[in-house]
Amino acid sequence: MATSTFISLIFMFAFLLLTNDHVSGGTDIHKAGYCVWYDTCEQHQQGYRPCEYNGPAKQTTDKSTVDILRNICPLLVTSDQPKLCCTAKQVINLEENMYLANQFFSRCPACYRNFVNLFCQSTCSPDQSLFMNVTATAPYNKTATIEDDDTSGNQDNDTLNSVLAVDYYLTHHYGDGLYDSCKDVSFPSGNDKAISLFCGRNYKLCNIDEWLKYMGDSTLNQQSPTDINFNMSDPGGDMKAMNDISFECNVPVDNDTAACSCQDCNATCPPIPPIPQPPSPWLIAGIDGVAFVVGACFIGFVLLFFLLILYGHLSTQELESSVSETQIHEKLMKEETSKSSVCDVFGERLEYGMKAGFRVWGVFCAKHPFLVLLCGSVFIGISSCGLLYFEVTTDPVELWSSPDSRSRQERDYFNTHFEPFYRTEQLIITAPKRNSTIFQTYPNVEDIPFGGVFDSDILHQVLELQNSISKITAEFGGSSVGFQDICFKPLEPFNNNCTIMSALNYFQNRVENLDKVVMDPFGFWVVNDFHTHLMYCTRAPTAINDTSALGLPCMGAFGGPVYPRVALGAYDEQNYENATALVITFIVTNHLDDSLNGPAKAWEKEFVAFMKQYSNDNLTIAFSSERSIEDELNRESESDIYTILASYLIMFGYVTLALGQATTCDRLMIDSKITLGLSGVLIVLFSVVSSLGIFSFAHLPATLIIIEVIPFLVLAVGVDNIFILVQAYQRDPERTNEPHEQKIGRIFGNVAPSMLLSSLSECVAFFMGSMISMPAVRVFSLYAGLALFIDFLLQITCFLALFSIDIKRQESNHLDVVCCVHKPTVSKAKKSEGLLFQVMRDYYAPLLLNAIVRPIVIIVFVFMACASACMMLHLEVGLDQSLSMPKDSYVLTYFNSIAEYLSVGPPVYFVVTDGQNYTSIPTQNQICGTSGCNQDSMIEQLYTAALQSDYSRVAQTPSSWLDDYFDWLKPGSESSCCRIYNNTNTFCNSSVVDVNCVPCRSTADKNHRPSDEEFMHFLPMFLSDIPTPKCGKGGHAAYATAVELTDNYTDIGATYFMTYHSVLKDSSDYIDALKMAREISANITRSLNSTTHHVFPYSIFYVFYEQYLTVVDDAILNLSLSLVAIFIVTFLMLGLDFFSALIIVFTIAMINLDLMGLMYLWDISFNAVSLVNLIMAVGISVEFCSHVTRRFAISTKTTRIERAHDAIVHMGSSVLSGITLTKFGGIVVLAFSKSQIFQVFYFRMYLGIVLFGASHGLIFLPVLLSYVGNASRRRDEDLPPQGESEPLNSGRGAASRPCFNGEGYGSISNPGC
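Residues numbered from 1 in each chain as written. Predicted model: local features only at pLDDT ≥ 70, side-chain atom pairs only at ≥ 80, totals over all residues. Heavy atoms only, no water.

**A short note on the pattern of salt bridges**
Next up, step 1: Counting across every chain of the model gives 27 salt bridges.
Next up, step 2: The salt bridge involving aspartate 254 is made with arginine 113; its shortest N-O contact spans 3.2 Å. Remark: arginine 113 occurs in helix H5 (residues 109–124) and aspartate 254 occurs in the loop between strand S9 (227–231) and strand S10 (283–284); sequence separation between them is 141 residues.
Next up, step 3: For aspartate 254, a relative accessible area of 26% gives the class partly exposed.
Next up, step 4: In this structure, aspartate 457 and arginine 434 form a salt bridge, with 2.7 Å as the shortest nitrogen-oxygen distance. Separated by 23 residues along the polypeptide, aspartate 457 in helix H16 (residues 456–470) and arginine 434 in the loop between strand S13 (423–430) and strand S14 (437–440) bring together distant segments of the chain.
Next up, step 5: Among the charged side chains, a network of salt bridges with common partners joins Lys63, Asp67, Arg70 and Asp80. (Salt bridge = Lys/Arg side-chain N within 4 Å of Asp/Glu carboxyl O. Helix = DSSP H or I, 4+ residues; strand = E, 2+ residues; numbered from the N terminus. Buried < 20%, exposed > 50% of the residue type's maximum accessible area, 1.4 Å probe, protein only.)

Okay, structure coming up:
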């Protein structure tokens, strides 16, 4: 670095030596009333150069000149004919040169006055020589002029020298005052500070020295014809630094102006409210409060539980020591009989009525199977016809956002009053093989590091890729569609270039601009090239000219700015040249009518195909299109079809094989139930199809969740009922001369109430769940409830008929599957309880209900529930969008790149609804952010929020069409922004040169807002004005769609003010951004104090993330409604058995509680998908709990333990072989899915549902019933009477089985065992 600096100094010294022969200068006289220049000598490419003149100031007699000067330099006009060091032409030039400053700085009067006064003093002050010294001149050369023109002075042009350079001395007081008054002035349309445009770098890197240096150095700022060396030091000698009045921004400069606004002057701002601190964690003794309370409750429960067990044990021992076993039995019978109540009587009658009714129905179906099948087939056929109208909704908006939700209404309002948010196709490009490089600036050598993506050949390769994408074509509707046909063109029809947000658009996407280089006069040193242009444009993206010798604009070819935070990624604070990623965004027009987006979707498809094929060893590219997520979701669904089919096939195969009960090899194909099992599975599928068809008739679109999840749910319920019915028949003893139709009716009468209990509970629970407004959850609940109801109807009709036919086949020794084959010589099948039944009866039930095991079970399950209650409070709300993509999706790379490289979040629009009167100054002050506006105005509140972006999630002050409109309206010279033809009164753009173009308003109105008529008359002109070098405030590019003009352009409807969110990386960030934006909008609405209109925020992601604001409340409501529905149904169906119904609901709640604990441990976030699974878990849990509980409730055994034993043996075996094993086999296959969402939300949660359901239903529930189950007994004629041994003992006597009394198995106090 030292060597390069030394060489550069040698080049500079040689340059000065070689040019010294024709450069001279120096001011001899430095005293009050003397000038250093007067008049203009020549017009250079950058403007007029003054003529050297070291004489006394001259009196100005021209009234128009004095009037102009009084308007822009009032401090210099001390009389009607003041003495000045400038001519009328210089005054006019000064006015024109200051107009750009007027556009950007006049919103803060103090800044504008200080800035203009700096140049007023140098141009016209009669005391110039006191603080200015000419350091370089050149003989006036007429050939150097662009056009020959006469000077207005009295000097002889042939003897004049043009001033090339001067020293300008000013005090620190004035310089610092100037900078302090201007450093915060905003540039609304650019979401930036205005000083960035005048400093040549970002405002955060600018200071008074850098600012003055940039404005005065023609090598840095090519707009300056004369080098001005600003020097804030004491000049010494007869000179003294300029120390005129500098106005502070927080006070008015005169009676006609107000202090600068908070947005433009921090000194004006009220104290920024402190960021609310998050609530302190609730701690008790240094431990999480919830965990402490739950832990204390658990310990208290354990102590109380053991005390009750001890008390019960001592009471039993005392009873056994005083009375005989027979007396105990008689006492228990008497107590149980005396406890009978109205509810018990009602329960017995209800049970008898249901059994009798189902027995009759069972006999009918068994006697007339083909009639029943015909009726069922007709119903299925009619229902299935609805599939002709079948629709599947894949639009995420329609899935997760209710049409009545706030986000949907606000989205529709925005799309209707403005335009839908653009479709975007984006590339994130890095060059990992390229290291950063060093660029050395000239003439002041400074080493600037540039990221590897800014290597020249990398930029050329990226530009080639960008241009290739722009040339992609697609076929749609028989015609070719190019990017030019679908892209967004903000300045159309004046500019038909497409909007491409890219760093290459700083060069207007042209190779010749990228390659443009300006060398020093000797060709040794690069003065300007793409490096300097990038540095300038990233600091001033709205600049019409980079002010260098390159002469290139920063504005993109489409006519708008390219902000570095959008086009660059992974840079260090504001050092954009350190960026390691280029972000290219192709903007495509989006139509409110989606059918008009067909050409765009076709082009996007070709874009994705092109990028998948593109390869470049030097570039790493992540990309995505507007349609990518939806395409990948569909591809994921298609790729998982095989996984889902494999899962269902395994479950189908298990059901068809497990129903059979062959005892010998020669009866294997006779006693098997392959056909019956397959028929049962088909009935499940037909119930799903019928549900789809019926709702298709009602034009209620289905979702992919319905297609993927409901068959799983209905199969769980349907299979369980099938196993219960078939196994009950298989285990029932033969009765002499009982026809099989009567037997089927009797068995069906016994088990159908249990089937009805579970099915009705689930249906009602799901239908209650449909009350939730979230479309995906509501539709799922409706489809699931109807599918379960139809499945129950088909099971008690069609399956019962098929079962009757299959029993006839089996009894006549016909083979299964090939029923036409008959084996008459095969011996009759022996009745068998089944291996699983025997294991449950002889080993599992005695072990589970052992006096030692039972307390352990209760404690373990209660501990699990307590731990889960603590963990569920820490569940993460949201959905990592990467989980919704296949593992091999290109979109995953794009998501990762967004999190790593992007430097700004999504745009957010703050919309003011129709009703605000913008022509009224008081209501203008409620919105605007310029001088004179309210301190709590909309813009000021958003500005304050942007100062706390980490908290508010608002990255910067919004662009304000109202503030820019005020600046655009300000009167000035002939180059004013607002101009009209004086002969037609129509708009005249600032770039037009015509004598008939005059300013819209008089200079007398410069400090006054427009009248009502002026406001509405000129607003359409502002919104149609194209920004130009003379007027950078034209509103067409930035605000063409921001203002809704109504009533034939005579009134204003809705408007918006756009800014950006800060970087959002995960669901919690997006949710927080939505919450904060709504909170800010609510505060703004309150400040408007209006009942006719309000402010709301809108960003494209709100409609997807709003669900997470209410998903917890939705879950609580939905699950509560489902549990209440289950309680009511079970309470009624169990004959007003309050305790049994409560136990069922309590157990289901524990299953869901443990499932949420599993979600925390297994990193499953809480969202709509998991909510659907939790609702489904409630339904499936009914299957695990209701059958066992009902068997316990109707059991005629004496004690709770005996009844729990009876329930677990008879129903537990069916539940285990039915729903548990069936589901477990199908779930395991889901672990091999390519879809991450299947692995996380289906495999993990389904596995949890089955494991927790089975463990609670087959372990915890029987033990809980043995302790607190309803003690009342009901007579069931089909259960063995008291005192008799159970049937089907397979040759064993009562003494061969484990015996028990009221305390548990293994008691030695019962001699009758």
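Now, onward.
**With respect to the nonpolar core**
Soluble globular proteins: nonpolar side chains tend toward being buried together.
Next up, step 1: The biggest cluster of nonpolar side chains holds 359 residues, and the ones touching the most others in it are Phe105, Leu118, Trp211 and Leu427.
Next up, step 2: Apart from residues lying up to four places away in sequence, leucine 427 is in contact with Leu465, Ile469, Leu582, Val583, Ile584, Phe586, Phe607, Met611, Ile621, Ala622 and Phe623.
Next up, step 3: In this structure, Cys35, Tyr38, Tyr53 and Cys85 belong to the second largest nonpolar core, which totals 5 residues. (Core = buried A, V, L, I, M, F, W, Y, C linked by side-chain atoms within 4.5 Å. Contact = heavy atoms within 4.5 Å.)

**A short note on helix H25 (residues 674–697)**
Next up, step 1: When the terminal C-alpha atoms of H25 are compared, their 34 Å separation across 24 residues agrees well with the 34 Å that a helix rising 1.5 Å per residue should span.
Next up, step 2: Directly beyond the C-terminal end of H25, a positive phi value near 60° is found at histidine 699. (Expected span 1.5 Å × (residues − 1).)

**Considerations on the environment of isoleucine 927**
Next up, step 1: Relative to the helices and strands, isoleucine 927 is located in the loop between helix H32 (921–925) and helix H33 (938–947).
Next up, step 2: Spatially, the C-alpha atom of isoleucine 927 lies 9.9 Å from that of phenylalanine 1057, the residues being 130 residues apart in sequence.
Next up, step 3: Filtering out sequence-adjacent residues up to four positions away, isoleucine 927 remains in contact with Val912, Gln916, Tyr918, Ser937, Met938, Ile939, Leu962, Phe1057 and Leu1088.

**Focus on the pairing of strand S22 (residues 581–588)**
Next up, step 1: For S22, the tally of buried residues reaches 8 of 8 residues, placing the bulk of the element in the interior.
Next up, step 2: Burial of the side chains of S22 extends over both faces: Ala581, Val583, Thr585 and Ile587 are buried on one face and Leu582, Ile584, Phe586 and Val588 on the other.
Next up, step 3: As paired strands, S13 and S22 are joined by 8 bridges and run antiparallel to one another. Its bridge partner lying in S22, glutamate 425 is registered against phenylalanine 586.
Next up, step 4: Where strand S18 (residues 500–501) meets S22, 2 bridges bridge the pair, whose relative direction is antiparallel. Residue pairing for S22: isoleucine 500 is matched across the bridge by phenylalanine 586. (Pairing = 2+ DSSP bridges.)

**Quick word on the packing of helix H41 (residues 1138–1161) against helix H42 (residues 1168–1194)**
Next up, step 1: Running from N to C, H41 and H42 cross one another at 145°; their axes reach a closest spacing of 9 Å. Once H41 is placed against H42, the crossing between them reads as right-handed. Between H41 and H42, the contacting residues are Ser1140, Ile1144, Thr1147, Ile1148, Ile1151, Asn1152, Leu1155, Met1156 and Met1159 on the first element and Ser1170, Leu1174, Ala1177, Val1178, Ser1181, Val1182, Cys1185, Ser1186, Thr1189 and Ala1193 on the second.
Next up, step 2: Among the residues forming the contact of H41 with H42, the class breakdown is 12 nonpolar, 7 polar and no charged. (Axes fitted to C-alpha atoms, helices over the stretch in contact; angles between N-to-C directions. Left-handed = near helix turned anticlockwise from the far one by under 90°. Nonpolar A, V, L, I, M, F, W, Y, C, P; charged D, E, K, R; others polar.)

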